[in-house]
Amino acid sequence: MTVESLTFYVLATVAVVSALLVVTRRNPVMSALYLILNFFCLAGLYLTLQAQFIAVIQILVYAGAIMVLFVFVIMLLNLGDERRLSEGISWKKVVAAGLCFALLMELVYVLGFSGASYAPVNTSRAMEIGTVEYIGGELFTKFLFPFEVTSLILTAAIVGAIVLAKRKLD
Amino acid sequence: MVEIQPYLILSATLFMIGAVGVLARRNAIIVFMSIELMLNSVNLSLVAFSAQLGDVTGQILVFFVMTVAAAEAAIGLAIIIALFRRKQTLNLDEINILKW
């Protein structure tokens, strides 16, 4: 078992366990914390694929901005213990879990056991394309138009969030 | 020598766990977090293929997916706040005004 394989299996196990804990906790704050752990594991997995820029952006944007926003909203709405919804195990949830498990088995079969063979990662090429300089070069030349459009998306999101969350003073 | 099949299987697993969260939970914020989990699993798949094919387009797409996910999280949480102010509940079973 090489160091790379061991790193992958440790990070993957922690990611799957924390994802399961996210969807099963009653307290939303605990779900948010486990989701942050999941994002850190994913950042580690991106680093094993030599995607340095995406790994850092994952921590900065997802764990550092989006999850902080989630925790702010949870605390703003004061969803403490007194607001815990009593969710039992209904048959609907069992059917949903069963269907998702069936789809997962199909996906695992197609990806792992159906004879599809993928070439291994060319590490030197992956190291070349994962750097900030290379992604910046592509982002500002070949993908300039989508990049400018994302600035419009973010402006629309800011305006929308302010308008929706504003208290209407009637 | 990094093979990407374990990464793809991990991506499928995280996606399905997120799907179970969306379908089976009644708390709106947990549903939101499950949607973010699904988006992240797709990001992992994109980065794995980008590394394997030597094409940076996958990582550029991950950049845009993260941007759109951030915008969506902001607006979604604003909607949840507005909904909570109105109905004082986050249980999705009780948000049924559109039902006939």
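As the structure is a computational prediction, the values presented were derived from the model and not from experiment.

**Student:** Please clarify how the nonpolar core should be interpreted in this entry.
**Tutor:** Soluble, globular proteins show a tendency: their nonpolar side chains are buried together. Counting 72 residues, the largest nonpolar core has A:Phe70 and B:Met33 as its most contacted members. Apart from the residues within four sequence positions on either side, B:Met33 is in contact with A:Val22, A:Pro28, A:Ser31, A:Ala32, A:Leu35, A:Met67, A:Phe70 and A:Ile74.

**Student:** Would you mind going over the pattern of salt bridges with me for this structure?
**Tutor:** Should the charged atoms of two oppositely charged side chains come close, the side chains can pair. Residues and elements named next belong to chain A. Counted according to the given criterion, the structure contains two salt bridges over all chains. Arginine 125 is the salt-bridge partner of glutamate 128, the closest N and O atoms lying 2.8 Å from each other. Placement of the pair is glutamate 128 and arginine 125 together in helix H5 (residues 123-129), with a separation of three residues, close to one helical turn. With relative accessibility at 25%, the residue arginine 125 sits in the partly exposed group.

**Student:** Help me understand the interface of chain A and chain B in this model?
**Tutor:** By a widely used convention, the size of an interface equals the accessible area lost when the partners come together. Taken together, the contacts link 80 residues of chain A with 69 residues of chain B. Contact between chain A and chain B buries roughly 6800 Å² in total, counting both sides, with carbon and sulfur atoms accounting for 78%. Summed over the shared surface of chain A and chain B, the number is zero salt bridges. Viewed at the interface, chain B and chain A are joined by 11 residue pairs in polar contact (both at pLDDT 80 or more). Elements with a contribution of two residues or more to the side of chain A that touches chain B: helix H1 (3-24), helix H2 (28-48), helix H3 (52-76), helix H4 (91-113), H5, helix H6 (132-141) and helix H7 (144-165) of chain A. Broken down by element, the side of chain A that touches chain B gets its largest block of residues, 12 residues, from H3(A). When its residues are assigned to classes, the side of chain A that touches chain B shows 59 nonpolar, 10 polar and 11 charged.

**Student:** I keep staring at the packing of H7(A) against helix H3 (residues 57-87) of chain B and nothing clicks. Help me out?
**Tutor:** Each packed pair of helices is defined by two parameters, the angle between the axes and the distance between the axes. Orientation of H7(A) relative to H3(B), taken along the N-to-C sense of each, is 10°, at an axis distance of 9 Å. Relative to H3(B), H7(A) is oriented roughly parallel. Note on element contacts: H3(B) touches H7(A) through B:Phe63, B:Phe64, B:Thr67, B:Val68, B:Ala71, B:Ala74, B:Ile75, B:Ala78, B:Ile79, B:Ala82 and B:Arg85, opposite A:Pro146, A:Phe147, A:Thr150, A:Ile153, A:Leu154, A:Ala156, A:Ala157, A:Gly160, A:Ala161, A:Leu164 and A:Ala165. Classifying every residue of the contact of H7(A) with H3(B) gives 18 nonpolar, three polar and one charged.

**Student:** Which parts of the structure should I look at to understand the layout of surface pockets?
**Tutor:** In this approach the atoms are scanned with a rolling probe the size of a water molecule, which exposes any empty space left behind. There is about 450 Å³ of room inside the largest pocket. Taken together, 21 residues line the largest pocket, and the ones lying closest to its centre are A:Val23, A:Thr24, A:Lys93, B:Val20 and B:Ala24. Going through the elements one at a time, H1 and H4 of chain A together with helix H1 (5-24) of chain B are the ones with two or more residues in the lining of the largest pocket. Along the lines of polarity and charge, the residues of the lining of the largest pocket split into 12 nonpolar, four polar and five charged. Quantified by volume, the second largest pocket comes out at close to 250 Å³. Surrounding the second largest pocket, 14 residues form its lining, A:Glu4, A:Ser5, A:Phe8, B:Val2 and B:Tyr7 being those nearest its centre. Broken down by secondary-structure element, the contributors of at least two residues to the lining of the second largest pocket are H1 of chain A together with H1 of chain B. Among the elements that make up the lining of the second largest pocket, the one with the highest residue count is H1(A) (five residues). Taken together, the residues that form the lining of the second largest pocket break down as six nonpolar, six polar and two charged.

**Student:** Would you explain the environment of A:Cys41 in this entry?
**Tutor:** Residue and element names in this part refer to chain A. Considering the arrangement of structural elements, one finds cysteine 41 in helix H2. For cysteine 41 and alanine 12, which are 29 residues apart along the polypeptide, the C-alpha to C-alpha distance reads 7.3 Å. Look past the residues within four positions of cysteine 41 in its chain and what remains in contact with it is Leu11, Val14 and Ala15.

What counts and what doesn't
Within every chain, residues take consecutive numbers counted from 1 along the sequence as written. By the order in which they are written, chains take letters starting at A while ligands take numbers starting at 1. Given that the model is predicted, a residue must reach a pLDDT of at least 70 before its local features are reported, and side-chain atom pairs must reach 80 or more before they are shown or counted; all residues, however, enter totals for whole chains, interfaces and linings. Side-chain metrics rest on all non-hydrogen atoms present in the structure, leaving aside hydrogens and water. Residues grouped as a nonpolar core are buried Ala, Val, Leu, Ile, Met, Phe, Trp, Tyr and Cys residues, joined through side-chain atoms within 4.5 Å. A 1.4 Å probe rolled over the protein chains alone gives each residue an accessible area, and that area as a share of the maximum for its type sets the label: buried under 20%, exposed over 50%, partly exposed in between. Contacts are residue-level and defined by heavy atoms, with any inter-residue pair within 4.5 Å sufficient. Criterion for a salt bridge: a side-chain nitrogen of Lys or Arg within 4 Å of a carboxyl oxygen of Asp or Glu. Secondary structure elements follow DSSP: runs of H or I of four or more residues count as helices, runs of E of two or more count as strands, with numbering from the N terminus. Accessible area that two parts lose when put together, with a 1.4 Å probe and added across both, is what the buried area reports. In protein, a polar contact requires one atom able to donate a hydrogen and another able to accept it; more generally it is a pair of N or O atoms within 3.5 Å, and residues adjacent in sequence count only if both atoms are side-chain atoms. Residue type decides the class: Asp, Glu, Lys and Arg count as charged, Ala, Val, Leu, Ile, Met, Phe, Trp, Tyr, Cys and Pro as nonpolar, and the leftover types, Gly among them, as polar. Convention adopted: a line fitted to C-alpha atoms gives each axis, helices being fitted over their contacting stretch, and angles between N-to-C directions are expressed from 0 to 180 degrees. Roughly parallel covers angles under 35 degrees, roughly antiparallel covers those over 145, roughly perpendicular covers 65 to 115, and oblique covers all other angles. Grid spacing is 1 Å over the protein atoms alone, the probe is 1.4 Å, and a cavity is where that probe fits but cannot get out, while a pocket is an open set with protein on both sides within 12 Å along at least five of seven lines and lining residues have an atom within 4 Å of a point. Grid points are joined across faces, edges and corners, and a volume is the space filled by probe spheres set on the points.

Function cannot be read off these values alone, since they describe shape.
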